[in-house]
Each structure stands twice: as structure tokens, then as C-alpha cells.
Amino acid sequence: VQLQAFGGGWVQAGGSLRLSCAASGSIRYINAWGWYRQAPGKQRELVAAVTSGGNADYADSVKGRFTISRDNAKNTVSLQMNSLKPEDTAVYYCKAAAITFYFDVRDYWGQGTQVTVSS
């Protein structure tokens, strides 16, 4: 199973970016998706997550600004980020809690994509 994340970049404060992540390989089903971020010198933190039923949860710092969505048919997840702030600057990682064709259940991580918000 491979996860490919893309859509990061540079934006001024108040701007928007959309991240996407696609899973490929021997996937039977993805239970849950998550977006995490890690800023320099800080621990990786959960930004947003969405369950198989579409229930989403967000870190307090991004509520009302970020929206996570998933496409079960395409095994993709997106993170729409609006009203970006300099403190949102980080490397963003997607994670999939997946079940493979071999009935392995484990978490898979994407390679990370840089988001930089300038003031």
C-alpha cells in the first residue's frame, strides 16, 4: 500500500490551499483517514480525521477553517485549508488506517507535503 500526498505550497496569510492524498495497492478498505502536521521543533499532531462513515473531527486550532473529506470509491482524502495562518506552517502527512486484501490491518503514511504560510 502506498500513499501519495500532494497540494502543498506557499501562500500568504488568509489564503487557501487544498491537500490531497491517494492510496494505491492491495487495499480492501480504508477505515479512517487522518491528516497530521509537524512543524520544526514540534511533535507531529493530528489536524483532522474522518471515519468510514464520514464523521470528521478537527484540532481546535483549525476548526472552522479546515475541512476534511474522503472519496471511498477512489481511496482519496482531501483537506481544504482556508484562512491560513503562519502557525499552520508545517509538513503535512496523510495517514490511512487500512485493511489490505490479505486482511492486514495497519496504518500507512504518506511522504509529507510542505505548507508554508507567510505573514
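Notes on the structure in this doc start here. (Residues numbered from 1 in each chain as written. Predicted model: local features only at pLDDT ≥ 70, side-chain atom pairs only at ≥ 80, totals over all residues. Heavy atoms only, no water.)

## What about the overall build of the protein?
And step 1. Looking only at helices and strands, the protein features zero helices and eleven strands.
And step 2. N-terminal to C-terminal, the α/β element order of the protein is β-β-β-β-β-β-β-β-β-β-β.
And step 3. Viewed in the frame of its principal axes, the protein has a C-alpha envelope of about 45 × 25 × 20 Å.
And step 4. The buried share of the protein, reckoned over its 119 residues, is 40%.
And step 5. The long-range share in the protein, meaning contacts at least 24 apart out of those at least 6 apart in sequence, stands at 55%.
And step 6. Accessible surface, the protein: about 6200 Å² in total, of which carbon and sulfur atoms supply 49%.
And step 7. Here the protein contributes 12 positively and 8 negatively charged side chains, and the mean placements of these two sets differ by 3 Å. (Helix = DSSP H or I, 4+ residues; strand = E, 2+ residues; numbered from the N terminus. Buried < 20%, exposed > 50% of the residue type's maximum accessible area, 1.4 Å probe, protein only. Contact = heavy atoms within 4.5 Å. Areas by Shrake-Rupley, 256 points an atom, 1.4 Å probe, with all protein chains shown as cover. Lys, Arg positive; Asp, Glu negative; His and termini not counted. Charge placed at Lys NZ, Arg CZ, Asp CG, Glu CD.)

## Looking at the side chain of Arg-65
And step 1. One can find Arg-65 in the loop between strand E6 (56-58) and strand E7 (66-71).
And step 2. Only 2.8 Å separates the side chain of Arg-65 from the backbone oxygen of Ser-61, close enough to count as a polar contact.
And step 3. Looking at Arg-65, its side chain comes within polar contact range of the side chain of Asp-88, at 2.7 Å. (Polar contact = N/O pair within 3.5 Å; in protein donor to acceptor, adjacent residues only side chain to side chain.)

## Thoughts on the state of the cysteines
And step 1. In the structure shown here, the tally under the stated rule is one disulfide.
And step 2. Disulfide partner of Cys-21: Cys-94, at an S-S distance of 2.0 Å. Between Cys-21 and Cys-94, the S-S torsion sits near 50°, and that sign places the bridge as right-handed. Of the two residues, Cys-21 is situated in strand E3 (residues 17-24) and Cys-94 in strand E9 (residues 90-100); the sequence distance between them amounts to 73 residues. Per residue, the accessibility class of Cys-21 equals that of Cys-94, and both read buried. (Disulfide = S-S within 2.5 Å.)

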